[in-house]
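Residue-level listing of the chains:
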Amino acid sequence: MNTQEHFMRSDTALLVVDAQYGFMPGGGLPVEGGDAIVPVINRIAPRFANVVLTQDWHPRDHVSFAASHPGRAPFETIRLPYGEQVLWPTHCVQGTHDAALHADLRIDHAQLIVRKGFRRELDSYSAFVEADRRTTTGLAAYLGARGIRALYLCGLATDYCVAWSALDARAAGFEATVVEDACRAIDLDGSLARAWSAMAAAGVRRCTSAEI
Ligand code: VGL
Ligand code: ZN
């Protein structure tokens, strides 16, 4: 089987994580070089018969925003009923330009957009399971029902939503490969190195867009 046939397989999907203005330069939670992934994603997406997107989609008073906690600053950590939560600058508020997918993305054949983090009291880095580790987005059931068993992941940010999605993909029994140069990281206090080792330990593979 040649490479192209592999990616076009009906049991394989590309998951494009949070390719939104909020994570690009000028956005609410800008990731350095975040906009550089757009042309890379546009190059690889046509190779996949199946593409699913995610969209971080927060209410204005979301619990993950530092602004929702008087006296607290962005990038501090607090304890919430479901565990530790990093407080982020306000980003990806429902219906705003910040929450929109980048307009230069050319993935018209994408089949599903999974929104996450839309409950005020609950964050979600993962495309599969929200931060309480119980509330499902329904993505695993959707992919399973469509006979998809292997995922390639790209998007923003490598060390948060991409990593958590890849780890949960493995936990749900999918093969998972991160397309490294189609991602960029936040890298908060060593989070990128920690994310790569957690992914390696869980059997997440890495590749470059040139291999696709
Ligand atoms: C993300 C922090 C907060 C991400 C989303 O997409 O990686 N990170 N919300
Ligand atoms: Zn968020």
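Residues numbered from 1 in each chain as written. Chains lettered and ligands numbered in written order. Predicted model: local features only at pLDDT ≥ 70, side-chain atom pairs only at ≥ 80, totals over all residues. Heavy atoms only, no water.

A closer look at the layout of surface pockets
Summary: where empty space remains is shown by rolling a probe the size of a single water molecule over the atoms. Threshold: Put simply, the grid is 1 Å and covers the protein atoms alone, a cavity is a trapped set of points that fit a 1.4 Å probe, a pocket is an open set with protein on both sides within 12 Å along at least five of seven lines, and lining residues have an atom within 4 Å of a point. Grid points are joined across faces, edges and corners, and a volume is the space filled by probe spheres set on the points. Strands are runs of DSSP state E lasting at least two residues, helices are runs of H or I lasting at least four, and both sets are numbered from the N terminus onward.
In this structure, the largest pocket spans a volume of roughly 430 Å³. Lining the largest pocket are 20 residues, with E84, V86, Y125, Y160 and W164 positioned closest to its centre. For the lining of the largest pocket, the elements supplying multiple residues, two or more each, are strand 4 (83-86), helix 4 (158-171) and helix 5 (191-201). Top contributing element to the lining of the largest pocket by residue count: helix 4, with five residues.

Re the environment of D181
To keep things clear, this is the line we draw: Here a residue-residue contact requires only that any non-hydrogen atoms of the pair lie within 4.5 Å. Pairs of N or O atoms are called polar contacts if they sit within 3.5 Å, as long as, within protein, a hydrogen donor faces a hydrogen acceptor (for residues adjacent in sequence, only side-chain-to-side-chain pairs).
Along the chain, D181 turns up in strand 7 (residues 175-184). In contact with D181, other than residues within four places in its own chain, are I37, V40, T208 and S209. Within the structure, the side chain of D181 is placed 2.5 Å from the side chain of S209, a separation counted as a polar contact.

Notes on empty space enclosed by the protein
How we decide: Residue type decides the class: Asp, Glu, Lys and Arg count as charged, Ala, Val, Leu, Ile, Met, Phe, Trp, Tyr, Cys and Pro as nonpolar, and the leftover types, Gly among them, as polar.
This structure, assessed with the given rule, holds one cavity of 30 Å³ or more. As a volume, the largest cavity reaches approximately 100 Å³. Lining the largest cavity are 14 residues, with F23, L29, D56, Y125 and C161 sitting closest to its centre. Looking at the lining of the largest cavity, its residues break down into nine nonpolar, two polar and three charged.

As for unusual backbone geometry
Here the amide bond leading from L156 into A157 is cis, since omega sits at -15°, within 30 degrees of zero. Examined against the element boundaries, A157 turns out to sit in the loop between strand 6 (150-156) and helix 4. Located in the positive-phi region is F75, a residue other than glycine, with phi close to 80°. Within the secondary structure layout, F75 lies in the loop between strand 2 (50-56) and strand 3 (77-80). Even without being a glycine, D189 presents a positive backbone phi close to 50°.

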